[in-house]
Amino acid sequence: MSLFSKWRGSKAPEPTPVTAAAPPAAAKPRTDRSAEIAAEESRLTEALASGDTDTLAQMALAATSTRLRQRAAQAVADPQHVRELIRLSRGKDSAVYRILTEKRDAWLEVERKATALQTEIDTVAAGIARHAPMPFDAIYEATLREQERRWRTLAAQASTET
């Protein structure tokens, strides 16, 4: 009995009898996931064979097995799907996110290189066009040779319009 209970004059509460603990609820039996994984594996194989990007995108996010999600992510080839999947997989599956961002970064690097090449081609072509009407002087031939040398290095990659 506590001091406060004594002072108030109340009786101490009777101890509750200890009963045997109830047995734990029956755990759900583990189902065999191999059938589900095999079904997803065949679905992924069909999507890869047919080139079904929507199914590949869905499987990259929702497949049961990590290995299947990664294979599906590697098979997605559409840049718009890759961008959307990056957004959706952020914070959920780091392996799929990494695969998709590496793929996106590789595409962006190719675009950057193509843009830089086109800029260089345009610069050289404009330099030659500016130099052609200039009056002949002591540095005309040296400048023309340098412009032609730069053009020869880029000519194979230039379009016919340039």
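Described in the following lines is the structure provided in the data block.

What counts and what doesn't
- Residues numbered from 1 in each chain as written.
- Predicted model: local features only at pLDDT ≥ 70, side-chain atom pairs only at ≥ 80, totals over all residues.
- Heavy atoms only, no water.
- Helix = DSSP H or I, 4+ residues; strand = E, 2+ residues; numbered from the N terminus.
- Buried < 20%, exposed > 50% of the residue type's maximum accessible area, 1.4 Å probe, protein only.
- Lys, Arg positive; Asp, Glu negative; His and termini not counted.
- Salt bridge = Lys/Arg side-chain N within 4 Å of Asp/Glu carboxyl O.
- Contact = heavy atoms within 4.5 Å.
- Expected span 1.5 Å × (residues − 1).
- Polar contact = N/O pair within 3.5 Å; in protein donor to acceptor, adjacent residues only side chain to side chain.
- Axes fitted to C-alpha atoms, helices over the stretch in contact; angles between N-to-C directions.
- Parallel < 35°, antiparallel > 145°, perpendicular 65-115°, else oblique.
- Left-handed = near helix turned anticlockwise from the far one by under 90°.
- Nonpolar A, V, L, I, M, F, W, Y, C, P; charged D, E, K, R; others polar.

## A word on the side chain of Glu40
Point 1. Looking at the secondary structure, you find Glu40 in helix H2 (residues 34–50).
Point 2. Despite its burial, Glu40 remains without a salt bridge, the nearest opposite charge being carried by Arg43 at 5.2 Å.
Point 3. Among all residues touching Glu40, those that are not within four sequence positions of it are Met59, Ala62, Ala63, Thr64, Ser65 and Leu68.

## Structural notes on helix H6 (residues 94–131)
Point 1. Over its 38 residues, H6 runs 54 Å from end to end, which matches the ideal 56 Å to within 8%, given 1.5 Å per residue.
Point 2. The complete set of buried residues in H6 reads Ala95, Val96, Ile99, Leu100, Thr101, Lys103, Ile121, Val124, Gly127 and His131.
Point 3. Against helix H3 (53–62), helix H4 (66–75), helix H5 (79–89) and helix H7 (140–154) lie the buried residues of H6.
Point 4. Sitting at the amino-terminal end of H6 is Asp93, which places a side-chain oxygen 3.3 Å from the backbone nitrogen of Ala95.

## Notes on the packing of H4 against H6
Point 1. Taken N-terminus to C-terminus, the directions of H4 and H6 make an angle of 10°; their axes are 9 Å apart at the nearest point. By the angle between their directions, the pair H4 and H6 is classed as roughly parallel. For the element pair H4 and H6, the recorded crossing hand is right-handed. Each of Arg69, Gln70, Ala73, Gln74 and Ala75 in H4 lies in contact with H6, whose residues at this interface are Ala95, Val96, Ile99, Leu100 and Lys103.
Point 2. Considering only residue class, the contact of H4 with H6 consists of six nonpolar, two polar and two charged.

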